[in-house]
Each structure stands twice: as structure tokens, then as C-alpha cells.
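# Structural overview for review
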Amino acid sequence: MSNIANHSDIVIVGAGPAGLAFARFFKGSDLRLSIVEKAPLSAIENPAYDGREIALTNTSKEILQNLGVWQRFCPDEIYPLKQAKVYSGNFDYALHFQVPKLMRAMRSLDRLGNLVSNHNIKKAVYDEVATMDNVTLITGVGVSDVQTDDKQATVTLADGRVLTADLLVAADSRLSGVRRMLGIAADMHDFGRTVIVFRVTHPLSNGATAQECFLYGRTLALLPLNDTMTNCVITLDNTQAGELLSLSPQDLAHEAQRMFGDKFGEFTIAGTVHHYPLMGVHARHFVARRAALVGDAAVGMHPVTAHGYNLGLLSANTLASLILAAHRNQSDIGDARLLASYDRRHQAQTRPLYHGTNAMVKLFTTDTRPVKAVRDAVLRVSNHLPPVKHWIAKQLVG
């Protein structure tokens, strides 16, 4: 291990929920970590509500419990997701998912997963990492350059400081600048669509059931929070987004109510409205010489299958487990064979799901008459093929 000043065992670029979760795996170890984040410390300590509700699988819950993060969530802000329904074009027929009976019995599961607000996840993970004395957090400064060789990774910050490490981990978003500096190509898919998110209250129960409504021209997802509060997610072409965003918040809530056919009664806006461009990304490789990608820097998913942060946690868990095992064996944590093993595992975990999700989205957002018939047939066939329903439900459960 080098004695160079500012040398760490691992430098992590990005203090989002994936980068911080990765760091948390090393609590109690003697590995030294530096985390670089361009946002100010105040934004990490107290992240703002951003409208996003994250559907966490049961496996993700177990990971967060093991990290001490889950215990930091306010129980009243953990929302059970017990069922899911998918509609195509109208509300005459739904593909319906519940926890498979076998999984319900073997794992004592009573839900597909849980919904937790993104800002609450960020704060809980940060609060855990803040207790670690082997972590140095450098905020308010970006990265201007990265270089790696057979011996170490070198990170140059925008203020001129230079950090070195045995391993560099990029966790700096799906438009990762570090990924580009490392020369790692990525398959990027701009869907040409905008996501609008906001909470509403309503008089009728949502039944702790997620509703994914592939309507013609728009997609409406309803994510159940408490019994009479729901997170609305409207996805539509960028050319149409301005019209909805020009509405008052309450008129936007009424539009979502109309799109859902008034099934929950009158929608009342319950907070702020947020919107985001919709883009997917999958890196061709998740590693380079003495460097690895985790979280959205590796894979940024379309939100329809709700796997984004779940895959980010999975990447952190996979890579951290390999590093800790190597460290226990007094092996090089930046060894090319270790990184190749991570790449193989996480590619296998993500690539089929990424491309499968994009194909499904293309199918269910194409509104030509022949495709409409195929969309309807897919729902009906899937509903009557237990192996297919079980496989999809398994992905939802984790």
C-alpha cells in the first residue's frame, strides 16, 4: 500500500445512494475510503424531496437491513407494495401479480416489496456512512481527470487536489463523467419522453396495489403510499410534456384522475410536482484497469420495472463482497481477475433485464393497430402461463 499523501484504498466518485451504500459495506474494516461528491455537504446531509418513490425488492430490504440503513427509515414512511396490475390501452383487463404461493411460504413474504422515498434512502445511507471513521468525504468539488495504471488510480479534482487509490469506483450518475474518462463505452437510449411525478390523496383505498397503465399516447403509473395517498408517474413524449407541465398542480392531479377513470375518486395534489428526462444506459463493461462502475454509472434503467436502485444495491453488494474477500486473503483489491469476476456477475444480472425492459417498453408504447392487438394478447397469455407470471413476480420480489 502506497504512503503517498491523499492515498486511500478506494476512491468513490459520487455520494448518491449507490455510492454511499457501497461505502457502507466497509464499516468495521481497516480499508480507507475517500468519497468525492460535487454537491455541497448540506445537500447530502439533508437531501430534498424529489418526487421519486423507490420500489425496493425484499432482497434490497435485506441488504439495507444488513447495512443498518433500513432501521433508520421512519416506519410510517415505508409503504407496503402487496400487488401489481398492468393494463394496456384501457382498464377492461389487467395482468395481475401477487407474491407466488411458494415464495410466500418459504420466505414468509406478505408483499412484493416496499416503497420508500428517494430522499429518505439518501439520508439514511448518508447517516450510516457518517458514523464510519475510515471514510473521508470530500464535497463541493468535481473530478477533472482520472488516470489508472497497473499500480494505482489517480483522481485529479477540479480544485487541483490529487487523490490516489488502489481502486477507483465510479458512482456518479448514468451520464457518468468518470466512465467516459475511463474510456468505457455505454449503450444509451434516449426514449424521447418526460416523466412527471407528484403525490395525490383520494377518498378510496389503493389497496397497496401498484397500477401500470400503458394508455395510448401516455403511460400512467400509480404507486401506493398510505391507503389514500398515491404517487402518480405520467410518462409522455417530450413534445406533449409542456402542455401538462403548464397546468396548475391541482389541474394536473385532475388530469391523472381522468386518465385513471376516477377509480380512486377525486385526486387532490399533495406536494410538489417534479419532472425528469427519460434515458436508459448500460455500460459495455463495468470495469477498467483498477476501476469499476456501480449504480447508475453501470446501469440506468427505465423505471417501468422499478429495478433502478435495486440493481444499484446489487452492484454494490457484488463488488464489495469480492473486495472484502480479497482483503481478508491479503490480496490486491484492484486485481484484474477480481474486477473481471465482478463484470461477469453484474453483466449477467443486468444485461438481459435492461434489454428486455427496453423491448417491453417499445412494445407497450407503440400504438399502431397491429401492435395494440399484440399488447392485449401478451397480457392475456401471460396471465394464464404460471411459469411466466412466477418469473416476473420473482423479479419484482427480488
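These notes cover the structure that comes with them. Not measured: the values here are computed from a predicted model. (Residues numbered from 1 in each chain as written. Predicted model: local features only at pLDDT ≥ 70, side-chain atom pairs only at ≥ 80, totals over all residues. Heavy atoms only, no water.)

### Here's the deal with the overall build of the protein chain
Summing up its helical and strand segments, the protein chain has twelve helices and 20 strands in all. On C-alpha atoms alone, the protein chain measures out to a radius of gyration of 22 Å, which is about the 21 Å that the 2.2 N^0.38 rule sets for 398 residues. Across its three principal directions, the C-alpha atoms of the protein chain cover 65 × 45 × 40 Å. Looking at the protein chain residue by residue over its 398 residues, the buried ones come to 52%. Of the contacts made within the protein chain by residues no fewer than 6 positions apart, 73% connect residues no fewer than 24 positions apart. In the protein chain, which carries 40 positive and 36 negative side-chain charges, the distance between the mean positions of the two groups comes to 6 Å. (Helix = DSSP H or I, 4+ residues; strand = E, 2+ residues; numbered from the N terminus. Rg over C-alpha atoms; globule rule 2.2 N^0.38 Å. Buried < 20%, exposed > 50% of the residue type's maximum accessible area, 1.4 Å probe, protein only. Contact = heavy atoms within 4.5 Å. Lys, Arg positive; Asp, Glu negative; His and termini not counted. Charge placed at Lys NZ, Arg CZ, Asp CG, Glu CD.)

### Focus on the environment of L247
Along the polypeptide, L247 turns up in the loop between α7 (238–245) and α8 (249–259). On the basis of relative accessible area, L247 is assigned to the partly exposed category, the value being 32%. Once residues within four sequence positions are removed from consideration, L247 is found in contact with L252 and E255.

### Focus: unusual backbone geometry
The backbone of D262 sits at a positive phi, close to 60°, despite the residue not being glycine. Look at Q330: it is not a glycine, yet its phi comes out positive at around 60°. The residue Q330 is located in the loop between α9 (308–328) and α10 (336–364) in this model. Judged by relative accessible area, Q330 falls into the exposed class, the value being 76%.

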